[in-house]
Amino acid sequence: MSTEGQVITCKAAIAWEAKKPLSIEDVQVAPPQAGEVRIKITHTALCHTDAYTLDGHDPEGLFPCILGHEAAGIVESVGEGVTEVKAGDHVIPCYQAECKECKFCLSGKTNLCGKVRSATGVGLMLSDRKSRFSKDGKVIYHFMGTSTFSEYTVVHAVSVAKVNPAAPLDKICLLGCGIPTGLGAVWNTAKVEKGANVAIFGLGTVGLAVAEGAKAAGAARIIGVDIDPSKFDRAKDFGVTETLNPKDHKKPTQEVIVEMTDGGVDYSFDCTGNVHVMRSALECCHKGWGTSVIIGVAASGQEISTRPFQLVTGRVWKGTAFGGFKSRSQVPELVEKYLKKEIKVDEYITHNMKLDDINEAFDLLHSGKCLRCVLQLSSL
Ligand SMILES: NC(=O)C1=CN([C@@H]2O[C@H](COP(=O)(O)OP(=O)(O)OC[C@H]3O[C@@H](n4cnc5c(N)ncnc54)[C@H](O)[C@@H]3O)[C@@H](O)[C@H]2O)C=CC1
Ligand SMILES: N[C@@H](CCC(=O)N[C@@H](CSC=O)C(=O)NCC(=O)O)C(=O)O
Ligand SMILES: [Zn+2]
Ligand SMILES: [Zn+2]
């Protein structure tokens, strides 16, 4: 029976307030309005950014909300005027939109899109500044324009990447965030070249994807830094050539790396979200040309600092969102790369669970034992 045009009642994990476990409850999901798409989410993974917002560190965090932004699913219905996807299409919801017509999209300089960001930042849909989620009449906010911890979600059409239906949704859900972010930080933002020396701070999913991207780019040395030594063996499988635990050294990590590399690395990446680590990452870069890319998301109120002399003497500080990939255009290309075995995806999945187990999955994420945990919400 078609659900098009109807309110759907389905299960979702509601974050009623910060720092509290999620609650699996029935929610009402309104039909998509003009320019919107309702998606049946089949699989979602958890990213550190979901934990960051749930823990109350996100200045944009709004409660109650439905978190989740690394997922895949099938279009259930589309609103008026939506032509690029239709019911039955396999899709990846993208927290970074791509409208292809705003100042950002047309600039050729960035993957950021300005079309819906003002609405997604306050948990609403653009057309009427309302939420499509409710619980017995009470508004539940959207998150990152995706809200994938729900059996059904509504997103802006500019935030939907249509992908090859031959790709397994339980794997390619990971292409909604962490893997593209790490690969793209190397390929699009830093543009690491053959023979370069690289340092990666933080060897979770994002850091490992940086390692994978750096190896593919032909980096000579890939130094993996983490305070958890249990991360090191696996990191070597992703391309890390040397490991460094800051706790094993009296000197600041940046000094250790500068000594190891005859003056510093060509590129460094922060994949921790810790502002002190971001400073180390900048300062371990080579004088004159070293570039450091901030990927990690820092908690509300945190600020970065260094001596301006570090920049005067040629180091460059950059940041990246979704690895600089244009979502609707390039996520389908990443799916094809996965199908051709040109990029890893399965290797980042350490756990598989059901939506009901989501709080256990967050505990695993916090424990450091988990790279990506994929939750199955429904079967095809
Ligand atoms: N800019 C963007 O578009 C995106 C940013 N992120 C952010 O990237 C960061 C990494 O995400 P995940 O890999 O999912 O997280 P994760 O929690 O799996 O990995 C973080 C790693 O950093 C290590 N670490 C923590 N403190 C450290 C320190 N002081 N020195 C060295 N290593 C340290 C941890 O042991 C862990 O291995 C998070 O801040 C996340 O919010 C994630 C996706 C997209
Ligand atoms: N809401 C936070 C910032 C969170 C943030 O930086 N998000 C990243 C993606 S993290 C994915 O796991 C991002 O793409 N930012 C760009 C954007 O447009 O949101 C805050 O207010 O500081
Ligand atoms: Zn993420
Ligand atoms: Zn745009």
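The structure displayed is predicted, hence computed values, not measured ones. (Residues numbered from 1 in each chain as written. Chains lettered and ligands numbered in written order. Predicted model: local features only at pLDDT ≥ 70, side-chain atom pairs only at ≥ 80, totals over all residues. Heavy atoms only, no water.)

Enquirer: Can you walk me through the pattern of salt bridges in this structure?
Expert: When the charged atoms of two side chains with opposite charge come close together, those side chains can pair. Under the criterion given, the structure shown has 17 salt bridges. Among the ionic pairs, Glu17 bridges to Lys20, the shortest N-O distance being 3.7 Å. By relative accessible area, Lys20 is classed as partly exposed at 43%. Glu342 is paired through a salt bridge with Lys337; the nearest N and O atoms lie 3.5 Å apart. Beyond isolated ion pairs, a larger network of salt bridges with shared partners links Glu25, Lys135 and Asp136. (Salt bridge = Lys/Arg side-chain N within 4 Å of Asp/Glu carboxyl O. Buried < 20%, exposed > 50% of the residue type's maximum accessible area, 1.4 Å probe, protein only.)

Enquirer: Would you mind showing me how to read the UniProt feature "domain: Alcohol dehydrogenase-like N-terminal" (unreviewed entry) in the protein here?
Expert: With numbering aligned to this structure, UniProt lists the feature "domain: Alcohol dehydrogenase-like N-terminal" (unreviewed entry) at residues 34-163. End C-alpha atoms of residues 34-163 are separated by 22 Å, and the span's content is 12% helix alongside 28% strand. (UniProt positions renumbered as here; feature names shortened; annotations may be inferred. Helix = DSSP H or I, 4+ residues; strand = E, 2+ residues; numbered from the N terminus.)

Enquirer: Would you mind showing me how to read the site of ligand 2 here?
Expert: Around ligand 2 sit 14 residues in total, of which Thr49, Asp58, Glu60, His69 and Arg117 are the nearest. Contact distances for ligand 2 include 2.8 Å between a nitrogen atom and a side-chain N or O atom of Asp58. Contact distances for ligand 2 include 3.1 Å between an oxygen atom and a side-chain N or O atom of His69. In the complex, 73% of the free accessible area of ligand 2, which totals 530 Å², lies under the protein chains. Here the shell around ligand 2 is composed, by residue class, of eight nonpolar, three polar and three charged. (Near = heavy atom within 4 Å. Polar contact = N/O pair within 3.5 Å; in protein donor to acceptor, adjacent residues only side chain to side chain. Areas by Shrake-Rupley, 256 points an atom, 1.4 Å probe, with all protein chains shown as cover. Nonpolar A, V, L, I, M, F, W, Y, C, P; charged D, E, K, R; others polar.)

Enquirer: Help me out: how do you make sense of the UniProt feature "domain: Alcohol dehydrogenase-like C-terminal" (unreviewed entry) in the protein in this one?
Expert: Within this structure's numbering, the places UniProt gives as "domain: Alcohol dehydrogenase-like C-terminal" (unreviewed entry) are residues 206-336. For the annotated span residues 206-336, helix accounts for 37% and strand for 15% of the residues, and the straight-line distance between the end C-alpha atoms is 20 Å.

Enquirer: Honestly, the side chain of His43 in this entry has me stumped. Any pointers?
Expert: Among the structural elements, His43 can be located in strand β3 (residues 36-45). Under the relative-accessibility criterion, His43 is labelled buried at 11%. Looking at His43, its side chain comes within polar contact range of the side chain of Thr42, at 2.9 Å. Sequence-distant contacts of His43, that is, excluding residues within four places in its chain, are made with Glu70, Ala71, Ala72, Leu169, Asp170, Cys173, Val374, Leu375, Gln376, Leu377 and Ser378. (Contact = heavy atoms within 4.5 Å.)

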